[in-house]
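Fold and geometry: a report
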Amino acid sequence: MSIRLKSVIVILTMLFAFGCGTEAADLTGSEIIDRVDTMMQSESKILKERMIISNAAGQQRTREIQAWNKRASDKDNMLVRFLAPADVAGTSFLMVGDDMWLYLPALGKVRRIAGHARKGSFMGSDLSYEDMEELGSLGFASSYEAKLIGTEEASGEAVYALELLPKAKDLTYLKLCMWVSQKTYLPRRIEYYDQDGKLLKVLITSNIHAVQDRWVAGEMQISNVQTGTKTTLEVKDVTFQEEIDDSIFSTRNLERGR
Amino acid sequence: MTAYSVPATWKGEDRMKTSTMRYRLFLGLIGLLLLLGSVSGSVWASGPSIGGQWEAKLSGVLDDDPVKLVGTSSLSIDLQHQTGPVAFDATLKIAGSMGDKDAFEFDMDTACLNYMARDYDIRFGKQRVSWGTAMGLNPTDVINPQDINDPLGDKLPVWALVGQYYLENNVELTGVYLPFFRPAIDAIPTKPQIPVYYPEEDGEWAVKIGALGMAGMDFSLMYFSGYERMPTVRMTARGMEGYYREVDTIGADFATSLGDVGLWLEAAHTTPKEGDAYTNWAIGSDYRLPNGLLVAGQYYHQETGKTQHDYLMFGLEKELAVIHRGKLGAVYDTDSGSFMVNPEVALSLADATELVLGGRYLDRKQGGLGMLPYSDKEIYAQVVTSF
């Protein structure tokens, strides 16, 4: 899909969001999740974020990252580079489709990461790489069947309550519960349930603001209720639909560190 | 335990001063790279930036009675600057024993000029070139000599001219030229009275073609023409002497994922001009359990033409309380039954500061694990801070 067409869809979604509140009750779960994906997905995205990781004892560590994201045909390409602190600065991670590589400056070479990493923690946070993909360019509709449970009022905002059940059996979660803003079509709260049906993680978005004609969550807080750990992602800078050269997503660029 | 002596100034550095033609050629290259940088203009510029790392380590060697305490400290300063397509980076190191100010040594660990074009890079200077997909010990990683005082640590830097040409789809060609021979050791450890002679001609070279992410696999092929890094003893008319055998090495490495399991294979076949050919290879796998524990294992076959050893290597790693890390490394020599275990906990004290607590236990049988010149029983605490 061209960037221009994608932009039109996003703008239309925003128009619906701003002006069609009366239509809200008529939407089905799959229509709502499609609008969520349209709002959150982007053909390309460049992002600077501060990541604050907290353990159960309340000890915090802060990391700053820059990420380049581009969706090409059916592939999701992502490059993440650590900017700070000094002990991890320069460490970079590249994902091209199903292939993943890590570059550690101290090691001086690119190393392949096995498939198990996809379900593992994203850079030490409470999000997995799979979670990041769903929140980014992949979206939820391709992996989950969404069912509208009802409409609610949460923190003075009208929201849809959805239940998302996995389409495939090998997904990490048994189900997701999602509360979607009727105004912005952004998830305001997502609950992730493990395969035993127990609540595992809670994601809450805040500081919602408009960037380039789309709504963006300026802050995401992910809490693992089973371990007591917490990750806060603060968006420092974001640009959408920017032309990103494919060479960015190459192992050469990973090694060069720029 | 024997700590082999590697002179602070190795003979190659002296040779550099005397190899006038090569020296001039290298100065010319530096000038050319700087010139390219200046005429290209500041399309992008970064730096200069200064960073680094400070480490202080206190070890208790339990082999001795009473326990011997050894304190070491090091400071690394990383300098970087980029103007246009030309970048410079260097690491300066001051390291030594605590309590003995005369034992501190200053060293230019690495210093490189880079020219980065769209499709190729040229890198010249004192550097490390790291090859291979295996864990810790890489048969195809033949460019830099091993630091025999820390065989599992960083290799010794060498002067090299490295060119990398990038093709489509993560395929790259690499060429390396080493103008000055640098061995891992320039004496026979058990017979230091035997003279060891450097090769009469220095130049070594290597090429590699690698492809990453091709049908879900990474692989590369390499060729090296040069010398062994360890001396061999021979009898000549002058008597017993050590020399470095001229060798040709061909190698390959491979890495992929089978489902959630990582797999790698790496091998290098070396043919010396004199003596029998030999092959080193490694095969390994890693897997992360649902609880986050990373389990890695590797079988490593090592030959030198005269001796051969087989090792099982094993590693565990897990995040602890999100910000800390626990690790366990183990090596088992299948021939002698010797083994080493090395548990370690890295406690994050603050952003970019860690306290590493660890221990090492070596059980040597029949002279096994001679390649690991560590104390047999040792505990240590190390503070590492980066800036």
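Residues numbered from 1 in each chain as written. Chains lettered and ligands numbered in written order. Predicted model: local features only at pLDDT ≥ 70, side-chain atom pairs only at ≥ 80, totals over all residues. Heavy atoms only, no water.

1. Describing the packing of aromatic side chains
All names here are of chain B. In total, this model carries 13 aromatic pairs over all chains according to the counting rule given. For the ring pair W205 and Y223, a centre distance of 5.2 Å and an interplane angle of 55 degrees mean the geometry is tilted. You can see W205 sitting in strand β9 (residues 204-214) and its partner Y223 sitting in strand β10 (residues 217-227), a full 18 residues away along the chain. A relative accessible area of 38% means that W205 is categorised as partly exposed. (Phe/Tyr/Trp six-rings, centres within 6.5 Å; stacked < 30°, edge-to-face > 60°. Helix = DSSP H or I, 4+ residues; strand = E, 2+ residues; numbered from the N terminus. Buried < 20%, exposed > 50% of the residue type's maximum accessible area, 1.4 Å probe, protein only.)

2. Side note on the pairing of strand β21 (residues 377-386) of chain B
Put simply, side chains in a regular strand alternate between the two faces of the sheet. Residue and element names in this part refer to chain B. Where burial is concerned, the two faces of β21 differ: the one with E378, Y380, Q382, V384 and S386 is buried and the one with K377, I379, A381, V383 and T385 is not. Pairing analysis gives nine bridges linking strand β20 (residues 353-363) to β21, with the strands arranged antiparallel. Each bridged residue has a counterpart across the sheet, and for T353 the counterpart in β21 is T385. (Pairing = 2+ DSSP bridges.)

3. Here's the deal with the sheet that holds strand β12 (residues 239-243) of chain B
All names here are of chain B. Spatial strand order, β8-β12-β11: three strands in an open sheet with mixed pairing. In the strand order of this sheet, the two ends are held by β8 (196-197) and β11 (232-236), each with one partner. The pairing of β8 with β12 spans two bridges and is classified as parallel. Opposite V196, over in β12, you have G242 as the bridge partner.

4. With respect to helix α2 (residues 29-40) of chain A
Between the first and last C-alpha of α2 of chain A there are 16 Å, a value that for 12 residues agrees with the 16 Å anticipated at 1.5 Å per step. Most of α2 of chain A is tucked away: nine of the 12 residues are buried. (Expected span 1.5 Å × (residues − 1).)

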